[in-house]
Amino acid sequence: MAGGNTVAAQHQAWLVFEDEAGQTLRPPKARTWGRRGHTPVVPVTGKGSGRVSIAGLTCYRPGQRSRFIYRTIVHRGRKNERRSFSERD
């Protein structure tokens, strides 16, 4: 970071970068070749167990150690359960 010649450095402000991502927990789709007329059966384990949402913050301040803050939420498909982060989260 530039020291002393930016507005953030002059005010000793934190620079914060945020990102959010989600990933389904379903198994990958399996594919294979088979003879014409004979549909191949490829077993995959599990039916999937929901969805994971991840949000993270990286925080920087001139002259101080950088910080990484994160939170994960697992959505299992239950009734009235949130699938993503709320504004409060």
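Residues numbered from 1 in each chain as written. Predicted model: local features only at pLDDT ≥ 70, side-chain atom pairs only at ≥ 80, totals over all residues. Heavy atoms only, no water.

Undergrad: Help me understand the pairing of strand β3 (residues 67-75) in this model?
TA: Regular strands show a simple pattern: their side chains alternate between the two faces of the sheet. Here strand β2 (residues 51-60) pairs with β3 via nine bridges, running antiparallel. Pairing of Val 52 across the sheet is with Val 74, part of β3. Linkage of β2 to β3, two consecutive antiparallel strands, is achieved through a turn of six residues, within which Gly 63 is found at a positive phi near 85°. (Pairing = 2+ DSSP bridges. Helix = DSSP H or I, 4+ residues; strand = E, 2+ residues; numbered from the N terminus.)

Undergrad: Mind showing me how you'd approach the sheet that holds β2 here?
TA: Whether parallel or antiparallel, the strands of a sheet pair through hydrogen bonds between backbone atoms. The strand order β1-β2-β3 describes an open sheet built from three strands, whose pairing is antiparallel. Where the open sheet ends on each side, the last strands, each with one partner, are β1 (15-24) and β3. Averaged over all neighbouring strand pairs, the angle between strand axes comes to 10°, with direction disregarded. Bridging between β1 and β2 involves 10 bridges; their strand directions are antiparallel. Following the sheet pairing, Phe 17 is matched in β2 by Thr 58. (Axes fitted to C-alpha atoms, helices over the stretch in contact; angles between N-to-C directions.)

Undergrad: When you look at the confidence of the model for the chain in this model, what are you seeing that I'm missing?
TA: Do not read the predicted coordinates in detail wherever pLDDT is low. Here the chain shows a mean pLDDT of 80. Residues at 70 or above account for 88%. Here helix α1 (residues 7-10) is the element of the chain with the lowest mean pLDDT, 76, and β2 is the one with the highest, 91. (pLDDT = per-residue confidence, 0-100.)

Undergrad: Honestly, the environment of Trp 14 in this entry has me stumped. Any pointers?
TA: Relative to the elements of secondary structure, Trp 14 occurs in the loop between α1 and β1. Residue Trp 14 is classed as partly exposed on the basis of its relative accessible area of 31%. Beyond its immediate stretch of four places on either side in the chain, Trp 14 contacts Cys 59, Tyr 60, Arg 61, Gln 64, Arg 65 and Arg 67. (Buried < 20%, exposed > 50% of the residue type's maximum accessible area, 1.4 Å probe, protein only. Contact = heavy atoms within 4.5 Å.)

Undergrad: Before we go on, may I ask you to explain the packing of aromatic side chains in this structure?
TA: Aromatic ring pairs are reported here in terms of the distance separating the ring centres and the angle at which the planes meet. Evaluated as defined, the whole model comprises two aromatic pairs. With centroids separated by 6.2 Å and ring planes inclined at 65°, the aromatic side chains of Phe 17 and Tyr 60 adopt a geometry described as edge-to-face. With Phe 17 in strand β1 and Tyr 60 in strand β2, this residue pair connects regions lying 43 residues apart in the sequence. Look at Phe 68 and Tyr 70: their rings are 5.6 Å apart centre to centre, the planes differ by 25°, and that puts the pair in the stacked class. Across the pair, exposure class does not vary: Phe 68 and Tyr 70 are exposed alike. (Phe/Tyr/Trp six-rings, centres within 6.5 Å; stacked < 30°, edge-to-face > 60°.)

Undergrad: What is the right way to read a nonpolar patch on the surface from this model?
TA: Taken together, the side chains of Leu 15, Phe 17 and Tyr 60 present a nonpolar region at the surface, about 270 Å² in accessible area. Tracing the backbone through its elements, the reader meets Leu 15 in strand β1. (Patch = residues over 30% accessible without salt bridge, like charges linked within 9 Å, V, L, I, M, F, W, Y side chains within 5 Å. Areas by Shrake-Rupley, 256 points an atom, 1.4 Å probe, with all protein chains shown as cover. Salt bridge = Lys/Arg side-chain N within 4 Å of Asp/Glu carboxyl O.)

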